[in-house]
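# Results of the structural survey
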Amino acid sequence: NDLAELEFVLGHSAEAIQIFKQTREVARQIPKDKRAVLTNNDLGHVFLSLKKYNESSQYLKEDIEEFEHLKNREPLARALYSFAQVMEAENNLEREAAAYEECVRICKEGHFYPLLMRTYNGLGSLYLNQKKNKEALTNYQRAIDLSVRLKENTSKAALLFNQACIHREEHNIALATRRYL
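Residues numbered from 1 in each chain as written. Predicted model: local features only at pLDDT ≥ 70, side-chain atom pairs only at ≥ 80, totals over all residues. Heavy atoms only, no water.

### Points about a nonpolar patch on the surface
Taken together, the side chains of Leu3, Leu6 and Leu10 make up a nonpolar region of the molecular surface, amounting to roughly 300 Å² of accessible area. Within the secondary structure, Leu6 is located in helix α1 (residues 2-9). (Patch = residues over 30% accessible without salt bridge, like charges linked within 9 Å, V, L, I, M, F, W, Y side chains within 5 Å. Areas by Shrake-Rupley, 256 points an atom, 1.4 Å probe, with all protein chains shown as cover. Salt bridge = Lys/Arg side-chain N within 4 Å of Asp/Glu carboxyl O. Helix = DSSP H or I, 4+ residues; strand = E, 2+ residues; numbered from the N terminus.)

Encoded structure:
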């Protein structure tokens, strides 16, 4: 799986997919109780990056089912986050929201703060697209709070920009200006 990840990073998508598919097949032959250590097959994430949403959804659903019973909840949270992104691309807002909310719950319990920050950003965007500005602002603020804690200045800047756009749209120039600065 590490080799497949390297191939993907190098831009060799077809090779990465082939390796991930092979290792998935080998993993299926391992008894389920011993598979818990195999959580780095990112085939669903690769297909998401390639905008192949049907394939991504299929593999992420498999991963979610496989990871549900693991003690280490981070692989499940990662799969749910990516699944929410697939649902966004497919305009399935209910499933997108449900996946994000479950991801938030798991990230809070497991203290997976970088992923929690990204998930709040995703929820903010979901609500913004639905014209639910109050909920969008709330989730963006949660992400900003985490970005400060994590010293993620680039993320913080992007999140503040998102908030500024909402305030500008609502003709609240004072708050928009504070966010832009």
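### Things to note about the nonpolar core
One finds Leu80, Cys103, Cys107, Tyr120 and Leu123 to be the most contacted residues of the largest nonpolar core, which totals 38 residues. Residue assignment for this core shows that the elements contributing at least two residues are α4 (53-67), α5 (74-89), α6 (93-110), α7 (113-129), α8 (133-150) and α9 (153-169). A per-element tally of this core places α5 first, with nine residues. Ignoring sequence-local partners within four residues, the contact set of Cys103 consists of Ala77, Leu80, Tyr81, Leu115 and Thr119. Ala4, Phe20, Phe47 and Tyr59 belong to the second-largest nonpolar core, a separate cluster that totals eight residues. (Core = buried A, V, L, I, M, F, W, Y, C linked by side-chain atoms within 4.5 Å. Buried < 20%, exposed > 50% of the residue type's maximum accessible area, 1.4 Å probe, protein only. Contact = heavy atoms within 4.5 Å.)

### Here's the deal with unusual backbone geometry
With a phi close to 60°, His111 is a non-glycine residue in the positive phi region. Residue placement: His111 occurs in the loop between α6 and α7. What makes His111 exposed here is its relative accessible area of 51%. Located in the positive-phi region is His171, a residue other than glycine, with phi close to 65°. As for its placement among the helices and strands, His171 is situated in the loop between α9 and α10 (173-180). The exposed category is assigned to His171, whose relative accessible area is 69%.

### Points about α4
Relative to the 21 Å expected for 15 residues at 1.5 Å per residue, α4 spans 20 Å between its end C-alpha atoms, a close match to the ideal helical length. By the burial criterion, the buried members of α4 are Ser56, Ser57, Tyr59, Leu60, Asp63, Ile64 and Phe67. Close packing links the buried residues of α4 with α2 (13-28), α3 (43-49) and α5. (Expected span 1.5 Å × (residues − 1).)

### Some points on the pattern of salt bridges
Tallying each qualifying case throughout the model produces seven salt bridges. Between Asp63 and Arg24 there is a salt bridge; the shortest N-O distance is 2.6 Å. Of the two residues, Asp63 sits in helix α4 while Arg24 sits in helix α2, which places them 39 residues apart along the sequence. One exposure class covers both Asp63 and Arg24, and it is buried. The residue Glu25 makes a salt bridge to Arg28 at a minimum N-O spacing of 3.3 Å. Of the two residues, Glu25 and Arg28 are both situated in helix α2; the distance of three residues between them amounts to about one turn of the helix. Assessed through its relative accessible area of 43%, Arg28 is described here as partly exposed. In this structure, a network of salt bridges that share partners links the residues Arg24, Glu25, Arg28, Glu62 and Asp63.

### Some remarks on α9
Taking 1.5 Å of rise per residue, the 17 residues of α9 would be expected to cover 24 Å, and the 24 Å separating its terminal C-alpha atoms lies within 8% of that figure. Buried within α9 are the following residues: Leu159, Leu160, Gln163, Ala164, Ile166 and His167. Angular distribution of buried residues about the axis of α9 spans 160°; they occupy a single face of the element. On its buried face, α9 is in contact with α7, α8 and α10. Phi turns positive one or two residues past the end of α9, at His171, with a value near 65°. (Arc of directions from axis to C-beta.)

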